[in-house]
Amino acid sequence: MDRLLQLEVFSRTAELGSLSKAAETLRMSNAAASRHLSALEERLAVRLIERNTRRQWLTEAGQELLQRCSTLLNELAEAEDAVSDRALSPKGMLRVTSSLSFAMIYMAPMLPAFRKLYPKLDVQIIAANRYPDFIEAGIDVAIRTREQEPDSNIIIRRIGQMRRVLAAAPSYLATRGIPAHPADLARHDMLVYNLANDPYSLRLSKGSTTQTVRIAPTLDSNDGQIICGAARAGLGILIQPLYIVQNDIAAGKLVPVLTDWDLPLLTMNVAYQNRVRLPAKIRVFSDFLVDHIRAQSDAGIWIETP
């Protein structure tokens, strides 16, 4: 049993890049985690992790062991799921990553009801607009706006496709005017999410007509909440998914423009690692999230949901 725990400490330390984070994940002290790691290296008579005051890295032996023991530990967890009461009562820690906006608007409000159903399952949300590596970051579930994943070991479940809108504060439109045609956007102050696909080129369509406009941003940012805050303050016209700005539009803080033109839809997926048997905690969270979005979203936000 100690051998298995040693492997778990090593695997978590390698995946999270920190012995202290591994100890926290495994609910043990840093000293205990260090003892397990040292015992493993002593038993194997090889150095697995090199470290200094600033960082740590795997040795060649450590890289080989991580590859082998990760597979072993995953298969063991799946076997336990198959025969234990986790299928009915998932427990442990679920690590989820999504954009800050998605986490605030959809995930955080649903957690009380989710935890009421699954009180033994703790949730950690990592808000990130870039896509961290599943293994390196210890991620169980990721919410992503990708049509497909470059890694064949990642499974995607489509949540749906959502509308994107152009909108600005009434104060901005009163001063600068309301654009009547896509070409007018080139003369406006634009607030751009710079992690979007081709963020400085807007393709809008109306019926069979398509217009592409190059824009120079007054503000670009890697976070939608920053862009929304600037738009509410009157800085310019934003381009955002409707679910992010729906409340501001309903409250009159933002006004949609060019509503007779459509921007390309944005695809939202749940992504997780390919497993022989999907862990129950991932399955119940994914199901609950999709049902919550379907029940709580206003009409017109999502074009397609499961």
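Residues numbered from 1 in each chain as written. Predicted model: local features only at pLDDT ≥ 70, side-chain atom pairs only at ≥ 80, totals over all residues. Heavy atoms only, no water.

Where an unreviewed UniProt entry is consulted, the protein chain appears under the name LysR family transcriptional regulator, with the organism given as Bradyrhizobium campsiandrae. As its UniProt record puts it under Sequence similarities (unreviewed entry), the protein chain is described as follows: "Belongs to the LysR transcriptional regulatory family." (UniProt positions renumbered as here; feature names shortened; annotations may be inferred.)

Bringing the overall build of the protein chain into the picture now. Within the protein chain, the regular secondary structure consists of 10 helices and 15 strands. Buried residues in the protein chain amount to 42% of all 306 residues. In the protein chain, 72% of the contacts between residues at least 6 apart in sequence involve partners at least 24 apart. In the structure as shown, the protein chain presents an accessible area of about 16000 Å², 49% of it carried by carbon and sulfur atoms. (Helix = DSSP H or I, 4+ residues; strand = E, 2+ residues; numbered from the N terminus. Buried < 20%, exposed > 50% of the residue type's maximum accessible area, 1.4 Å probe, protein only. Contact = heavy atoms within 4.5 Å. Areas by Shrake-Rupley, 256 points an atom, 1.4 Å probe, with all protein chains shown as cover.)

What follows is about the sheet that holds strand E7 (residues 164-168). Across the sheet, which stays open at both edges, the five strands sit in the order E11-E8-E12-E7-E13 with mixed pairing between neighbours. Among the strands making up the open sheet, the edge pair consists of strand E11 (217-221) and strand E13 (255-257). Sheet twist, expressed as the average angle between the axes of neighbouring strands with direction ignored, equals 35°. As paired elements, strand E8 (residues 190-193) and strand E12 (residues 237-241) share two bridges and run parallel to each other. Bridged to Leu191 within E12 is Leu238. Most of the contacts of helix H9 (residues 242-250) go to E12, to which it runs at about 120°, and overall it touches E7, E12 and E13. (Pairing = 2+ DSSP bridges. Axes fitted to C-alpha atoms, helices over the stretch in contact; angles between N-to-C directions.)

All right, on to the environment of Lys120 then. Within the secondary structure, Lys120 is located in the loop between helix H5 (100-117) and strand E4 (121-127). In the structure, Lys120 is positioned 30 residues away from Pro90 in sequence and 6.7 Å away in space, judged by C-alpha atoms. Excluding its chain neighbours within four sequence positions, the residues that come into contact with Lys120 are Ser89, Pro90, Lys91, Gly92 and Arg115.

Before going further, it helps to spend a moment on the nonpolar core. Within soluble globular proteins, side chains that are nonpolar generally end up buried alongside one another. Judged by nonpolar contacts, the single largest core of 39 residues is most densely connected at Phe102, Ile159, Leu238, Phe285 and Leu289. Here Leu238 is in contact with Val165, Leu166, Ala167, Leu191, Ile227, Cys228, Ala231, Val245 and Leu254, once residues within four sequence places are set aside. (Core = buried A, V, L, I, M, F, W, Y, C linked by side-chain atoms within 4.5 Å.)

The alternating pattern of strand E5 (residues 141-144) places Val141 and Ile143 on one face and Ala142 and Arg144 on the opposite face, and all of these are buried. Inspection of the sheet shows strand E3 (residues 92-98) paired to E5 by two bridges, in the parallel sense. If you follow Thr97 over to E5, its bridge partner there is Ala142.

We now examine the packing of aromatic side chains. Two aromatic rings are characterised by how far apart their centres lie and by the angle between their planes. By the definition in use, this model includes six aromatic pairs. Each residue in the set Phe114, Tyr118, Phe285 and Phe288 is aromatic and connected to the rest through ring pairs, giving one cluster. (Phe/Tyr/Trp six-rings, centres within 6.5 Å; stacked < 30°, edge-to-face > 60°.)

It is worth spelling out the pairing of strand E14 (residues 266-273) at this point. The side chains of a regular strand alternate between both faces of the sheet. Counting buried residues in E14 gives seven out of eight residues, a clear majority hidden from the surface. Bridge count between E5 and E14: three bridges; the pairing is antiparallel. Directly across from Arg144, in E14, lies its bridge partner Asn269. Here strand E6 (residues 154-162) pairs with E14 via eight bridges, running antiparallel. Each residue of the ladder has a partner; that of Arg157, found in E14, is Val270.

With that settled, the discussion passes to helix H1 (residues 2-16). Under the 1.5 Å per step criterion, the end-to-end length of H1 is 21 Å for 15 residues, consistent within 8% with the ideal 21 Å. Looking at H1, one finds that the buried residues are Gln6, Leu7, Val9, Phe10, Ser11, Thr13, Ala14, Glu15 and Leu16. (Expected span 1.5 Å × (residues − 1).)

This part covers unusual backbone geometry. A positive phi is found at Asp198, a non-glycine position, where the angle reads about 45°. Secondary-structure assignment places Asp198 in the loop between E8 and strand E9 (201-206). In the Ramachandran plot, Leu258 falls in the positive-phi region, its phi being about 50° despite a non-glycine side chain. Mapped onto the secondary structure, Leu258 falls in the loop between E13 and E14.

Listed as buried for helix H8 (residues 224-232) are Gly224, Ile227, Cys228, Ala230 and Ala231. All buried residues of H8 fall inside an arc of 165° around its axis, so they share one side. Where H8 ends, the next residue or the one after it, Gly234, has phi of about 95°, a positive value. (Arc of directions from axis to C-beta.)

Let us look at the environment of Tyr272. Note on placement: Tyr272 falls in strand E14. What makes Tyr272 buried here is its relative accessible area of 11%. Sequence separation between Tyr272 and Ile139 is 133 residues, and the spatial gap between their C-alpha atoms is 8.2 Å.

To continue, consider the packing of H1 against helix H3 (residues 30-44). Between H1 and H3, whose axes approach to 9 Å, the crossing angle comes to 110°. As far as their axial angle goes, H3 and H1 are roughly perpendicular. Residue-level inspection shows Arg3, Leu5, Gln6, Leu7, Val9 and Phe10 of H1 in contact with H3, the latter providing Ala33, His36, Leu37, Ala39, Leu40 and Arg43. In terms of residue class, the contact of H1 with H3 is made up of eight nonpolar, two polar and two charged. (Parallel < 35°, antiparallel > 145°, perpendicular 65-115°, else oblique. Nonpolar A, V, L, I, M, F, W, Y, C, P; charged D, E, K, R; others polar.)

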